[in-house]
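So you can see what is in the structure, the chains are spelled out below.
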Amino acid sequence: MSSPADIKHIYRAAIGLAVLAFTAFMLFYNLGGRPLWGDEAETALLALNITKYGLPVNTDGKNTITLYGQSVDSNTNHIWTWRPWLGEYLAAASLSLMGKSTTAARLPFAAFGFMSVVALMFVAFRISGDYEKAVLSAIIFAATELFILHTRQGRYYSLIIFGQIWLIYGLYLVLKKDTMHGVWHAAAALSLQFYCNYVVAPGNVIAIGIWAVVIRRRYHRLFYRLSVGALLFVSACLPWLLYARPWQQGGYASGGNFIQGLLVYSKEIHFHIFPFTLLILPTVYHIYHRARGVPVASSETSIEADMGKLFWLFVPIHVFVVSFGPGQNLRYITPLFPVFAIIEAGLLMRYAKPALLRAALMIVLVASNFIPVYSAYPFTGGHHARLTIVDLISEITTPYTNRLEDVVKFLKKEARPDQSVFVFDPEFPLIFYTDMNIIDARLVNSFPADKLPDWVFPVSASGISGKTAIAPSEVIYKYYDAVSIPVHNSNRRGGVPEPDTHEYLTNQEIVQMTVYKRKGMAR
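Residues numbered from 1 in each chain as written. Predicted model: local features only at pLDDT ≥ 70, side-chain atom pairs only at ≥ 80, totals over all residues. Heavy atoms only, no water.

## Structural notes on helix α8 (residues 157-176)
So, point 1. Between its first and last C-alpha, α8 extends 29 Å over 20 residues, near the 28 Å set by a 1.5 Å rise per residue.
So, point 2. α8 sits mainly inside the fold: 18 of its 20 residues count as buried. (Helix = DSSP H or I, 4+ residues; strand = E, 2+ residues; numbered from the N terminus. Expected span 1.5 Å × (residues − 1). Buried < 20%, exposed > 50% of the residue type's maximum accessible area, 1.4 Å probe, protein only.)

Set out below in structure tokens:
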């Protein structure tokens, strides 16, 4: 007969396994079900060049991978320097093992997303010693719409998220043990984030510095250990800074409107990650207990309380820093996904004491956006109440197609890989799926003088702007035949992992896309 302790362990194991099974399904099922969009294809193409040349060169002799021009995002040796290469090398390993495919381009990043959920459950338990709080953190984290959308991308986002959890664990060890063990962990985690996209590292560094000042009196040699960690981190980053010289890209990555950035990030956090309405819970809790004359006491240990201070510092400082950035892209706040999950779980555990109330709140929070939308009414900013988890499950279990896929099918039937396409867009996905020569018209003044391109696309098949940059002209009428391709009228930003523009299901409307084929050209 099983003892109560055995039953408790079995129950905990079952809950933990259920969370991991849900995570695996949401991250891996039908991972290659929709084509790569521009940013993903950029990573995949550089990764393919790594498999050929050992380095992320931006050209294979046929196509050039560039966003702003050769001298901007690559150096004179054609080596990519726009961003560090960790994500590209991870994708290269996957493509080498599995071959060239959409699934292979995304799989390692989904795997890091899965490991992030496991790591968060472990770290939350180590910090709090509370299994329910750890599981609740993992559930909130794994079911967050932004986490799932970003982690299913063939891009570095999940590495940054994993690095944030690793950083939290390292700093916990710094407080827990009077050794350098945690310092090494923290420095390595920050370095991992830096070598994905260094934009996300400064906020963490600043937050840790302020946090150290706040808690310094309670921990022996805290400044010394964190200073050593900072030195290790800078030493790890220095080779890239000296090689890539990112300050030379400043004109192309200049900051936007800071106030607008703060407002946009705050709004998106409320509607998609952490409803600010939850901050009412402590007030209601304290008012209720004061009215009853019941003293309010915290069950947190000193280390857990101090880690909580760090979490609350991470949020405003990181948002403040990235608001200076060149655009309000939610990928820049991916480090906050696990932080908000821990904060949210802590609020529910501490201030929603009845288990039934806590469970009800958790279900509403992870399955829908009802709380942020209805609590902000009428200032919803275009956000509509919906069952987010249903949208996500519908997406990954339903076949999807878009205009890019239609154009790729057309070109594979009507064109050859040795032919060229002239278009005002990088068309990275078209390169990945067709191997054709893409002539980026943004970077040339006219058609190549020695040879007319085989195809002319007035509008990009994969670009997100949809602008018409090539108007019919005398050259077009003289040398080209118009060809109409029936394509799905998909949202051009439908592959971007941002809920406000992401396309969850196929747009069934069919429209005609006109392209131009050089006259007399054989199949």
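## Digging into the nonpolar core
When a protein is soluble and globular, its nonpolar side chains tend to lie buried together.
So, point 1. Membership of the largest hydrophobic core comes to 150 residues, with the highest contact counts inside it found for L171, M307, F314, W455 and F457.
So, point 2. At 14 residues, α8 tops the list of elements feeding residues into this core.
So, point 3. Among the nonpolar cores identified, the runner-up in size contains 8 residues, and F422, I439, A441 and V456 belong to it. (Core = buried A, V, L, I, M, F, W, Y, C linked by side-chain atoms within 4.5 Å.)

## Notes on the packing of helix α12 (residues 258-272) against helix α14 (residues 302-322)
So, point 1. The N-to-C vectors of α12 and α14 enclose an angle of 135°; their axes lie 8 Å apart at closest approach. Comparing their axes, α14 and α12 come out oblique. Judged by the sense of rotation from one axis to the other, the crossing of α12 with α14 is right-handed. Two secondary-structure elements touch here, α12 through F258, L262, Y265 and I269 and α14 through V319, F320 and V322. (Axes fitted to C-alpha atoms, helices over the stretch in contact; angles between N-to-C directions. Parallel < 35°, antiparallel > 145°, perpendicular 65-115°, else oblique. Left-handed = near helix turned anticlockwise from the far one by under 90°. Contact = heavy atoms within 4.5 Å.)

## What to know about the packing of aromatic side chains
So, point 1. Tallying each qualifying case throughout the model produces 25 aromatic pairs.
So, point 2. Taken together, a centroid distance of 6.3 Å and an interplanar angle of 55° make the contact between F162 and W166 tilted. Note that F162 and W166 are positioned in helix α8 at a spacing of 4 residues, about one turn of the helix.
So, point 3. Ring centres of F410 and W455 lie 5.8 Å apart, and the angle between their planes is 85°; on these two criteria the pair is classed as edge-to-face. Of this pair, F410 sits in helix α19 (residues 403-414) while W455 sits in strand β3 (residues 455-457), and the two are 45 residues apart along the sequence. Across the pair, W455 and F410 agree in class, each one buried.
So, point 4. Three or more aromatic residues link up through ring pairs in this structure, and these residues are W85, Y89, W240 and Y243.
So, point 5. We note R34 situated over the ring of Y400; from NZ or CZ to the ring centre the distance is 3.8 Å. (Phe/Tyr/Trp six-rings, centres within 6.5 Å; stacked < 30°, edge-to-face > 60°. Lys NZ or Arg CZ within 6 Å of the ring centre and 35° of its normal.)

## Some points on unusual backbone geometry
So, point 1. Cis geometry marks the peptide bond from Y377 to P378; its omega dihedral reads 5°.
So, point 2. Relative to the helices and strands, P378 is located in the loop between α17 (370-376) and α18 (388-397).
So, point 3. Unusually for a residue other than glycine, R221 sits at a positive phi of about 55°.
So, point 4. Checked against the element boundaries, R221 lands in the loop between α10 (201-215) and α11 (222-244).
So, point 5. Overall, the relative accessible area of 42% leaves R221 in the partly exposed class.

## Concerning the pattern of salt bridges
So, point 1. Summed over the entire model, instances satisfying the criterion amount to 18 salt bridges.
So, point 2. Across the salt bridge formed by E42 and R83, the nearest N and O atoms sit 3.2 Å from each other. Placement of the pair is E42 in helix α2 (residues 38-53) and R83 in the loop between α3 (70-73) and α4 (86-98), with a sequence separation of 41 residues. The same class applies to E42 and to R83, which are both buried.
So, point 3. Across the pair K267 and E268 runs a salt bridge whose closest N-O atoms are separated by 3.6 Å. (Salt bridge = Lys/Arg side-chain N within 4 Å of Asp/Glu carboxyl O.)

## Regarding helix α5 (residues 102-128)
So, point 1. With 27 residues, α5 extends 39 Å from end C-alpha to end C-alpha; this agrees with the ideal 39 Å at 1.5 Å per step.
So, point 2. Considering bend angle alone, the principal kink of α5 is centred on P108 and spans about 30°.
So, point 3. Within two residues after α5, G129 carries a phi angle of roughly 70°, on the positive side. (Bend = angle between axes of the 7 residues up to and from the residue.)

## Things to note about a nonpolar patch on the surface
So, point 1. Side chains of V364, F370, Y374, L387 and V390 sit close together on the surface and give an oily, nonpolar patch of about 430 Å² of accessible area.
So, point 2. On the secondary structure map, V390 appears in helix α18. (Patch = residues over 30% accessible without salt bridge, like charges linked within 9 Å, V, L, I, M, F, W, Y side chains within 5 Å. Areas by Shrake-Rupley, 256 points an atom, 1.4 Å probe, with all protein chains shown as cover.)

## Observations concerning the sheet that holds strand β5 (residues 510-518)
So, point 1. Reading across the sheet, the 5 strands line up as β2-β1-β3-β5-β4 and stay open at both edges, with mixed pairing between neighbours. The two strands at the open ends of the sheet, each matched to only one other strand, are β2 (437-440) and β4 (480-488). Going from strand to strand, the sheet's axes swing by 30° on average, the running direction of each strand aside.
So, point 2. In this sheet, β3 lies alongside strand β1 (residues 420-423) in parallel orientation, the contact comprising 3 bridges. Across the sheet, the residue bridging to F422 is V456, located in β3.
So, point 3. The sheet strands contacting α19 are β3, β4 and β5, and the helix crosses β4 at an angle near 135°. (Pairing = 2+ DSSP bridges.)

## Observations concerning the packing of α5 against α8
So, point 1. Interhelical geometry of α5 versus α8 gives an angle of 20° and a closest axis separation of 8 Å. Taken together, the axes of α5 and α8 are roughly parallel relative to one another. Handedness of the α5/α8 crossing: left-handed. From α5, F109, F112, G113, M115, S116, A119, L120, F122, V123, R126 and I127 reach across to α8, where they touch S158, L159, I161, F162, I165, I168, Y169, Y172 and L173.
So, point 2. A per-class count over the contact of α5 with α8 returns 16 nonpolar, 3 polar and 1 charged. (Nonpolar A, V, L, I, M, F, W, Y, C, P; charged D, E, K, R; others polar.)

## Some words on the pairing of β2
So, point 1. Examined bridge by bridge, β1 and β2 share 4 bridges and lie parallel to one another. In the strand pairing of β2, V423 is matched with D440.

## Here's the deal with the environment of R216
So, point 1. Within the secondary structure, R216 sits in the loop between α10 and α11.
So, point 2. Among the residues examined, R216 registers a relative accessible area of 33% and is labelled partly exposed.
So, point 3. Sequence spacing of R216 and F422 is 206 residues, and the spatial spacing of their C-alpha atoms is 60 Å.
So, point 4. For R216, the contacting residues outside a window of four places in its chain are L222 and F223.

## Some remarks on the side chain of S116
So, point 1. Relative to the assigned elements, S116 resides in helix α5.
So, point 2. When neighbours within four sequence positions are excluded, S116 is seen to be in contact with F141, S158, I161, F162 and I165.

## Digging into the confidence of the model for the chain
So, point 1. When the pLDDT values of the chain are averaged, the result is 91; 94% of them are 70 or greater.
So, point 2. At the low end of the mean pLDDT range in the chain sits helix α13 (residues 280-292), at 79; at the high end sits α4, at 98. (pLDDT = per-residue confidence, 0-100.)

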